[in-house]
Amino acid sequence: MGINKRIVAIIPLVVALFFSNPSPGLSADKVNFALDWLIYGKHAGFYVAKEKGFYRKNNLDVTIQRGYGSGDTAKRVGAGQAQFGFSDTTAVMLARTRGVKIKLIGMIHDKSMH
């Protein structure tokens, strides 16, 4: 079997291990997820994922917290009060200029909703 065929044969195994359920004896990691504002339509996916157990299947015990604006969310994540947050890119950039240790890891809205 050539090297390329071996790699192709291993890929499904790696994917299966990556997406498999954690060991039954492990306790879930507690995670606080801060929204940018009051709960409304654009946040529905986070709640559906929680309801369907997607976080739990990946060993996460997620608490979703309402937000008080993107700037506040960025500060809360930077201060360690939440491990993840849903915040405007501009608020994250401004927080970083003020020394807040925060990273932008993904974008949901590529255009302003206003």
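For the structure, see preceding data.
A. Representation of helix α5 (residues 89-97) within the structure. Among the residues of α5, A91, V92 and A95 are the ones counted as buried. Angular distribution of buried residues about the axis of α5 spans 100°; they occupy a single face of the element. Exposed residues lying more than 90 degrees from the buried face of α5 are M93, R96 and T97. Where α5 is buried, its residues touch α4 (70-78). Among the residues trailing α5, G99 stands out with phi positive, at a value near 90°.

B. Quick look at α4. Within the span of α4, buried status applies to S70, T73, A74, R76 and V77. Take α4 and look down its axis: the buried residues cluster within an arc of 165°, on one side only. Phi turns positive one or two residues past the end of α4, at G80, with a value near 85°.

C. Broad picture of the sheet that holds strand β3 (residues 84-85). The sheet built from three strands is open, its strands ordered β2-β1-β3 with parallel pairing. Bordering the open sheet on either side are β2 (60-65) and β3, each of which pairs with just one other strand. As defined by bridge partners, strand β1 (residues 29-34) adjoins β3 across two bridges and the pair is classed as parallel. Counted as the bridge partner of F33 is F84 from β3.

D. View of the pairing of β1. Of the pairings in the sheet, the one linking β1 to β2 comprises six bridges and is parallel in character. Looking at the pairing, N32 lines up with T63 of β2.

E. Just the nonpolar core, in detail. V31, F33, L35, F46, A49, Y55, V62, I64 and F86 together form the largest nonpolar core, which totals nine residues. Within the residue set of this core, elements represented by two or more residues are β1, α2 (44-51) and β2. What V62 contacts, discounting residues up to four positions off in sequence, is V31, F33, K50 and Y55. Among the nonpolar cores identified, the runner-up in size contains eight residues, and A74, A82, V92 and A95 belong to it.

Rules of the game
- Residues numbered from 1 in each chain as written.
- Predicted model: local features only at pLDDT ≥ 70, side-chain atom pairs only at ≥ 80, totals over all residues.
- Heavy atoms only, no water.
- Buried < 20%, exposed > 50% of the residue type's maximum accessible area, 1.4 Å probe, protein only.
- Helix = DSSP H or I, 4+ residues; strand = E, 2+ residues; numbered from the N terminus.
- Arc of directions from axis to C-beta.
- Contact = heavy atoms within 4.5 Å.
- Pairing = 2+ DSSP bridges.
- Core = buried A, V, L, I, M, F, W, Y, C linked by side-chain atoms within 4.5 Å.

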